[in-house]
Amino acid sequence: MDNRPIGFFDSGLGGLTCISPLLSLLPEERIIYFGDTARTPYGSKAASTISKFSLRIADFLVQRNVKMIVIACNTVSAVCLKELTEHCPDIPVLGIISPAAEKVAHSCSQNNSVGIIGTKATIKSNAYERYINRLSPKIPIHGVACPALVPLIEEGIIENEIMDLSIQYYMDRFLKYHKIDTLVLGCTHYPLIMQNISRLYPRLSIIDPSREIAADIKKLLTERDMLAKGSDFENTFFASDLSENFINMINRIFEINEFKVAFKDLDPDII
Ligand code: DGL
């Protein structure tokens, strides 16, 4: 048993989409979340910048005595998972790409056409292709970067025409040209626009890494006898800029009355 919290982080509020699936599966677990809202988006930044920010956030979480770190960000997982793992030798560090890649490898074949949507950094890294094709070399995989989607989501522009047009701008030609039948939401912000995507493209089968990672967290904690039981730690959400959108999104995702949420600012200069 290990009642220390699990540390999650993302460039902003996208990683929050990993929390509900985890708490449904493991209701006894407690979490510390860090959203780097002062610096979001990461996806169009240089790899060296993404690594620098991520290592500092990992230090921040380790200082708060987390038992493991979950990189609730595809961009960071694609760019610097290895660096983070080496930087935190005393606790497990789990990236979000491999659980989703396993799902694709197990549920698709060479007769499918798999599309990955993500940030520029994620698509440029080819991380999904590498992970999936290592497990199942013949599955056809295609990627497209959708850089305008994250800023819109961070702004809360979701259920409206601007979001629909932006999705279509990136995806219409991509889906048709590659005859995509299975789509991986390769950015943790995208589950927040899953309804738009399903409505616009109802035939697509959608894989959501934010859901897939919960089972891997459970497996890892079970194998190492690190599951929590009866913890009185309060789930805590940190942001480098405590924006209205971040607070609204936490309220929206967790229906705040379900459990207590502590809002805490982190001086951006510290990170
Ligand atoms: N939510 C993040 C991801 O999964 C990154 C978004 C961004 O900061 O560009 O890639």
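All of the points below concern the structure found in this document. These figures come from a predicted structure and were not determined experimentally.

## Things to note about helix H11 (residues 244-254)
Logical step 1: Buried residues of H11: Phe246, Met249, Ile250 and Phe254, and no others. Taken end-on, H11 shows its buried residues confined to a sector of 105 degrees, consistent with a single buried face.

## Re the packing of helix H4 (residues 97-107) against helix H10 (residues 209-223)
Logical step 1: As a packed pair, H4 and H10 sit with axes 8 Å apart at the nearest point and diverge in direction by 100 degrees. In terms of orientation, H4 lies roughly perpendicular with respect to H10. Between H4 and H10, the residues in contact are Pro99, Ala100, Glu102 and Lys103 and Pro209, Glu212, Ile213 and Asp216, respectively.
Logical step 2: Partitioned by chemical class, the residues of the contact of H4 with H10 number four nonpolar, no polar and four charged.

## Concerning the pattern of salt bridges
Logical step 1: Tallied over the entire structure, the rule returns six salt bridges.
Logical step 2: A salt bridge links Asp2 to Arg4; the shortest N-O distance between them is 2.8 Å.
Logical step 3: What makes Arg4 partly exposed here is its relative accessible area of 29%.
Logical step 4: Linking Lys219 and Glu223 is a salt bridge whose minimum nitrogen-to-oxygen distance equals 3.6 Å. Linking Lys219 with Glu223, this pair stays in helix H10, spanning four residues, or about one helical turn. Judged on exposure class, the residue Lys219 and its partner Glu223 are both exposed.

## Focus on the pairing of strand S2 (residues 31-35)
Logical step 1: In terms of burial, S2 is a largely internal element, five of the five residues being buried.
Logical step 2: Side-chain alternation along S2 places Ile31, Tyr33 and Gly35 on one buried face and Ile32 and Phe34 on a second face that is also buried.
Logical step 3: Here strand S1 (residues 6-10) runs beside S2; their pairing, made up of five bridges, is parallel. Pairing of Phe9 across the sheet is with Phe34, part of S2.

About the thresholds
Residues numbered from 1 in each chain as written. Predicted model: local features only at pLDDT ≥ 70, side-chain atom pairs only at ≥ 80, totals over all residues. Heavy atoms only, no water. Buried < 20%, exposed > 50% of the residue type's maximum accessible area, 1.4 Å probe, protein only. Helix = DSSP H or I, 4+ residues; strand = E, 2+ residues; numbered from the N terminus. Arc of directions from axis to C-beta. Axes fitted to C-alpha atoms, helices over the stretch in contact; angles between N-to-C directions. Parallel < 35°, antiparallel > 145°, perpendicular 65-115°, else oblique. Contact = heavy atoms within 4.5 Å. Nonpolar A, V, L, I, M, F, W, Y, C, P; charged D, E, K, R; others polar. Salt bridge = Lys/Arg side-chain N within 4 Å of Asp/Glu carboxyl O. Pairing = 2+ DSSP bridges.

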